[in-house]
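If you want the building blocks of each chain, they are given just below.
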Amino acid sequence: MTAKEIRQAFLSFFESKQHHVVPSAPIVVKNDPTLMFTNAGMNQFKDLFLGEAAIKYTRVADTQRCLRVSGKHNDLEEVGIDTYHHTMFEMLGNWSFGDYFKKEAIAWSWELLTEVYKIPKEKLYVTYFEGDEKEGLEKDQEAYDLWKQYVDESHILPGNKKDNFWEMGDTGPCGPCSEIHVDCRTDEEKALVDGATLVNADHPQVIEIWNNVFMQFNRLKDGSLQSLPAKHVDTGMGFERLVRVLQEKTSNYDTDVFQPMIQFIAEKAGVEYGTDEKTDIAMRVMADHIRAISFVIADGQLPSNNKAGYVIRRILRRAVRYAYTFLNFKEPFLNQLVPLLAEQFKGVFDELISQQDFVQKVVLEEEVSFLRTLANGIQKLDKYIFDLKTDIEGAKDEDGFYKTKLPGYFAFLLHDTDGFPIDLTELIVRENKLQGVEIEGFNKALEEQKNRSRAATAIDTGDWIVVNADDQSEFVGYDDLEVETEILKYRKVKAKGKEQYQIVLRQTPFYAESGGQVGDTGRLEDHSRQFWVDITDTKKENGLTVHFTDILPDNLEGKFWAVVDEDKRILTEDNHSATHLLHAALKQVLGQHVNQKGSLVNADYLRFDFSHFAKVTDDELAQIEVIVNQKIRQNIKLKEQRNVPYQDAIESGVTALFGEKYGDFVRMITFDDHFSKELCGGTHVKATGQIGSFKIVSESAVAAGVRRIEAITADKAEQYFLDQRKELGHLKTLLNGSKDLSAAVQALLDENAKLKKEIEKSTLERVSTLKHEIVHHVRGINGINLIAKHIDLPSAEAVKNLAFSLKDMIDNLFLVFTTEIDGKPGITVMLADHLVKKGLNASNIVRELGKEIQGGGGGQPFYATAGGKNPAGLKVVLEKAESFIPHH
């Protein structure tokens, strides 16, 4: 079976068991503060396990793109080295939300593996939870008894809490699990060692392929377990491992999931896969990493220097580093894998083929940037190693290695400031025959940095305390800005030393930050309306609307009024609706390739990132502004459609954003059926006229193929035009009331240019005069010609010209000038080349003299300058000049 057939067989099997097949959620997580990336199939169902969202389908199946390169699931350094670790991988899953439990989950997993995929039963081992005395948990006898119906008891193995008790995190839903392992060893190997002894022992050919998790408990902050009101099944099967087993390969990388890319890389590198471990690892790294890189970019996360962006940049750079070091790719190459990958996932994850050009462009730009970084880092490292070798005067051991190591702090500095990888540093150090890197010092500096980062981002979250049980929280903010409500639950959170509370309301008009729109603020008033607490922010967590407050109301159990800050909401809506108009106008002016890549919408302004490969010209920006303002003046009424079937919405021509998770039913926002029609959960104006006016204030580049427009609307745009008018009035006054401002400014520029030429001419004459005067005042000291003089010239350039002229005229010159230009003291030192060869250094001299004027500077060995704050010290500078002349 091909990989595509294997994937489809899984989905079809569970469809036949009345499961609803859902699409993969985006790999980039947007509404869960505990995660950057989807790292398990259950992530998109977290709110269902937590009871924070209504269950639409009690049985679900899917294939989920996952990424594990940070946090406790960090396998990055193993990827490519072994046969089965990956950055991005697919997790095939079937789910039960309060429906079937252990009996069906176990029966169906066995049926699929042995009857559909026809894996020989004797190859399979199953595990069950053996219990844990400390937790007060008994062994999972039910799972054991169920497995006995299908599996010989010698293939049913107990597992400890580490292997057979699955937890979402430190808190949250959890429960015992039952894994299925497959023994892929040869018959000869099996005869020598019993496969049962190799289960969960990290043997590369005895691997776990399926995990049945039975969600029964909720872990509280104090570590205790409470039973969940409903029991759930959460299963996961590693797709890449399954393909390997069914295609009878000894490595995931030998399957048709990876081989097309590996063979393409091998051909372009001019090497054969399978002949050299180093080049094999490099090809595996590249084939694996391009998957993670491409899908994360397609889901809307661009490489950057922080958070999720930094993770993907790190993966990309690891791939480039292996290509550079082991496959000799000195020019960008990784991006050439994107079209191959897009074609491979066509019909499975079409978001990649839809954005193939964009993703390839981003990867290319990142490669170019990092290859430049590598070149700079190598140059720095080579210089440091040269100096290190010079300092120890060539002392070597019997093997010809220098008796020194590269200091760990320097390796960390290269890593931290230049993004230079430590293993490449180690490789270059070995090539230069040093004893290695002081890796303890490197690791210490790295750990200190990580600790600082952890401390800065640490959040201490308490358990939810229920005030009023049952009903789900309901958002009513599309229609109301004030509503009577109750507190369902609350918890305390502490971040960066500040304590806050998070509150969940039965009904809320507060919009939670999402889709680029900031969260609402406002007040939670008690029923008398005489006391209140401020709602400082509203965010979404796993589908739950969470309100932030600095204090709690005195009586939590009463009725409250939830009141949104109306002025702020209206201004935010102006900017959000303007963003939709802008998106449509960009497509109209620049082309249909334009797609939203990010946005920020608040009460003050809007920021819109979009895919486009060139700077937007002034004429194009003007056209875009005109179109948006025309739509505003037309006062187009909002057409809002809620609960539209997703497929119906797509077929109507709606704009859907890549990287967003859409449910089966969506909300459509339309301003003119033939202009702007988007899927959107945000709040909007009732008619475009409310926006007032629209003004673009900046256009810039964000990343390769991504541009950013910032704009203002409503009262901010009005104030902008008033300020511009005031500025124009002031300019007219300065220009004596001139009616033609352009002509008046041009006349000033012409006059200024004319005066500059006259000043330059005068300065040249002054330099020439000074040059001939100074030549007659040279002092000879020990065969060196000293000039130490205060110079009155209008610019640093003129002083430099004078110094170079004198150097050409006078042999063995040692020149020190002091200046005071625009009230700022300065020093210039010029040395003859002969003096530099003797060991004098203008840069060192000027730094020492600069102390007298409370300043500093530098330059080249023969010419250097300094600036400072204290003009009174200039006299001392001239007096000290002679002291730098050697007396023999």
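Up top is the structure these notes are about.
Residues numbered from 1 in each chain as written. Predicted model: local features only at pLDDT ≥ 70, side-chain atom pairs only at ≥ 80, totals over all residues. Heavy atoms only, no water.

A. Quick peek at the overall build of the protein. When helices and strands are tallied, the protein shows 25 helices and 36 strands. Over its C-alpha atoms, taken along the principal directions, the protein stretches across nearly 110 × 85 × 55 Å. Of all 888 residues assigned to the protein, the portion counted as buried reaches 51%. Total accessible area on the protein stands at roughly 42,400 Å², and carbon and sulfur atoms take up 48% of it. One finds the centroid of the 107 positive side-chain charges in the protein at a distance of 5 Å from the centroid of its 138 negative side-chain charges. (Helix = DSSP H or I, 4+ residues; strand = E, 2+ residues; numbered from the N terminus. Buried < 20%, exposed > 50% of the residue type's maximum accessible area, 1.4 Å probe, protein only. Areas by Shrake-Rupley, 256 points an atom, 1.4 Å probe, with all protein chains shown as cover. Lys, Arg positive; Asp, Glu negative; His and termini not counted. Charge placed at Lys NZ, Arg CZ, Asp CG, Glu CD.)

B. Seen up close, the environment of K389. For K389, the position within the fold is in helix α13 (residues 356-391). Taking the C-alpha atoms as reference, K389 lies 7.2 Å from Y402; in sequence the two are 13 residues apart. At 3.3 Å, the side chain of K389 forms a polar contact with the backbone oxygen of N432. (Polar contact = N/O pair within 3.5 Å; in protein donor to acceptor, adjacent residues only side chain to side chain.)

C. Broad picture of a nonpolar patch on the surface. Taken together, the side chains of L728, L731 and L734 make up a nonpolar region of the molecular surface, amounting to roughly 270 Å² of accessible area. Locating L734 in the fold gives a position in helix α20 (residues 714-734). (Patch = residues over 30% accessible without salt bridge, like charges linked within 9 Å, V, L, I, M, F, W, Y side chains within 5 Å. Salt bridge = Lys/Arg side-chain N within 4 Å of Asp/Glu carboxyl O.)

D. Broad picture of the sheet that holds strand β30 (residues 706-713). Strand order in the open sheet formed by four strands is β24-β25-β30-β29, with antiparallel pairing between adjacent strands. Each end of this open sheet is capped by a strand with a single partner; those strands are β24 (596-601) and β29 (694-703). The sheet shows a mean angle of 15° between the axes of neighbouring strands, taken without regard to direction. When strand β25 (residues 606-611) meets β30, the two strands line up antiparallel, connected through six bridges. Each bridged residue has a counterpart across the sheet, and for R607 the counterpart in β30 is E710. (Pairing = 2+ DSSP bridges. Axes fitted to C-alpha atoms, helices over the stretch in contact; angles between N-to-C directions.)

E. A look at α20. With 21 residues, α20 ought to run about 30 Å at 1.5 Å a step, and its terminal C-alpha atoms sit 31 Å apart, in line with that. At the C-terminal side of α20, N736 shows a positive phi close to 60°. (Expected span 1.5 Å × (residues − 1).)

F. Representation of the packing of aromatic side chains in the model. The full count for this structure, using the stated rule, is 28 aromatic pairs. A centroid spacing of 6.2 Å and a plane angle of 20° characterise the contact between F608 and F610, whose relative ring orientation is stacked. Of the aromatic side chains, those joined through ring pairs into one cluster are F10, F13, F14 and W210. Residue placement shows R65 over the ring face of F349; its charged tip is 4.7 Å from the ring centre. Lying across the ring of Y324, K330 places its NZ or CZ 3.8 Å from the centre. (Phe/Tyr/Trp six-rings, centres within 6.5 Å; stacked < 30°, edge-to-face > 60°. Lys NZ or Arg CZ within 6 Å of the ring centre and 35° of its normal.)

G. Just the sheet that holds strand β15 (residues 482-485), in detail. On the basis of which strands lie adjacent, the open sheet formed by four strands has the order β15-β23-β19-β20 and antiparallel pairing. The sheet terminates laterally at β15 and β20 (532-535), the two strands that pair on one side only. Averaged over all pairs of adjacent strands, the angle between strand axes in this sheet comes to 20°, irrespective of strand direction. One ladder, built from four bridges, connects strand β19 (residues 522-526) with β20; its direction is antiparallel. Counted as the bridge partner of R523 is D534 from β20.

H. Spatial organisation of helix α15 (residues 422-431). Within α15, the full set of buried residues consists of I422, L424, T425, L427, I428 and V429. In the segment just after α15, K433 is the residue with positive phi, at about 60°.

I. Representation of the pattern of salt bridges. Evaluated as defined, the whole model comprises 43 salt bridges. For E277, the salt bridge is made with R284, and the minimal N-O distance between the two is 3.5 Å. Where E513 meets K539, a salt bridge forms, and the shortest distance between an N and an O atom there is 2.8 Å. With E513 in the loop between β18 (507-508) and β19 and K539 in strand β21 (residues 537-541), this pair connects stretches of sequence that are 26 residues apart. Judged by relative accessible area, K539 falls into the partly exposed class, the value being 31%. Within the structure, one salt-bridge network assembled from shared partners comprises E135, K161, E167 and R219.

J. A look at the nonpolar core. One finds L113, Y117, L334 and L406 to be the most contacted residues of the largest nonpolar core, which totals 121 residues. Ranked by residues supplied to this core, first place goes to helix α9 (residues 277-298) with 13 residues. Once residues within four sequence positions are removed from consideration, Y117 is found in contact with M1, I6, A9, F10, L112, M237, L242 and L246. In terms of nonpolar packing, the next biggest core, distinct from the first, is built from 29 residues, A584, A585, I627 and I632 among them. (Core = buried A, V, L, I, M, F, W, Y, C linked by side-chain atoms within 4.5 Å. Contact = heavy atoms within 4.5 Å.)

K. Local environment of the packing of α13 against helix α14 (residues 408-418). Relative orientation of the contacting elements α13 and α14 amounts to 160°, with a least axis distance of 11 Å. Taken together, α13 and α14 sit at an angle that is classed as roughly antiparallel. You can see that α13 and α14 cross each other, and the crossing is right-handed. For the pair formed by α13 and α14, the contact residues are T373, G377, K380, L381 and Y384 on the first element and Y409, F410, L414 and D418 on the second. Here the residues of the contact of α13 with α14 sort into five nonpolar, two polar and two charged. (Parallel < 35°, antiparallel > 145°, perpendicular 65-115°, else oblique. Left-handed = near helix turned anticlockwise from the far one by under 90°. Nonpolar A, V, L, I, M, F, W, Y, C, P; charged D, E, K, R; others polar.)

L. Looking closely at the state of the cysteines. Evaluated as defined, the whole model comprises zero disulfides. The thiol of C66 is unpaired, and the distance to the nearest cysteine sulfur, on C177, comes to 16 Å. According to the relative accessible area criterion, C66 is buried, its value standing at 0%. In this structure C174 is a free cysteine whose sulfur lies 11 Å from that of C177, the closest cysteine sulfur available. What makes C174 buried here is its relative accessible area of 0%. (Disulfide = S-S within 2.5 Å.)

M. The arrangement of the environment of N736 in detail. Along the chain, N736 turns up in the loop between α20 and α21 (741-775). Under the relative-accessibility criterion, N736 is labelled exposed at 74%. The spacing of N736 and V546 is 190 residues in sequence and 59 Å in space, taken between C-alpha atoms.

N. Local environment of the pairing of β24. Summarising burial for β24: six of the six residues are buried, a large majority. Pairing geometry for β24 and β25, over five bridges, is antiparallel. Bridging across to β25, G598 finds its partner in D609. Linking β24 back to β25 in an antiparallel pair, the connection comprises four residues.

O. Representation of the packing of helix α17 (residues 566-590) against helix α18 (residues 618-633). Packing of α17 against α18 leaves a shortest axis separation of 9 Å and a crossing angle of 135°. When the interaxial angle is binned, α17 and α18 end up oblique. The interaxial crossing formed by α17 with α18 has right-handed handedness. Contacts from L581, L582, A585, L586, Q588, V589 and L590 of α17 reach α18 at E620, Q623, I624, I627, V628, K631 and I632.

P. Structural detail: the pairing of strand β32 (residues 784-790). As paired strands, strand β31 (residues 779-781) and β32 are joined by three bridges and run antiparallel to one another. Across the sheet, R779 pairs through a bridge with L786, a residue of β32. Bridge analysis of β32 against strand β33 (residues 813-821) gives six bridges, and the strand direction is parallel. Bridged to A788 within β33 is V816. For the handedness criterion, the β-α-β arrangement of β32, helix α22 (residues 796-809) and β33 is classed as right-handed. (Right-handed = clockwise from strand over helix to strand, strands pointing away.)

Q. Just the side chain of Q205, in detail. One can find Q205 in the loop between α6 (187-192) and β10 (206-219). Judged by its relative accessible area of 13%, Q205 is buried. At 3.0 Å, the side chain of Q205 forms a polar contact with the side chain of R244. When residues no more than four places from it in sequence are discounted, the contact partners of Q205 are V182, D183, C184, R185, R244 and T250.

R. Summary view of the side chain of H583. For H583, the location among the structural elements is in helix α17. Note on H583: relative accessible area 1%, which makes it buried. Beyond its immediate stretch of four places on either side in the chain, H583 contacts V594, N595, Q596, F608, T655, L657 and E678.

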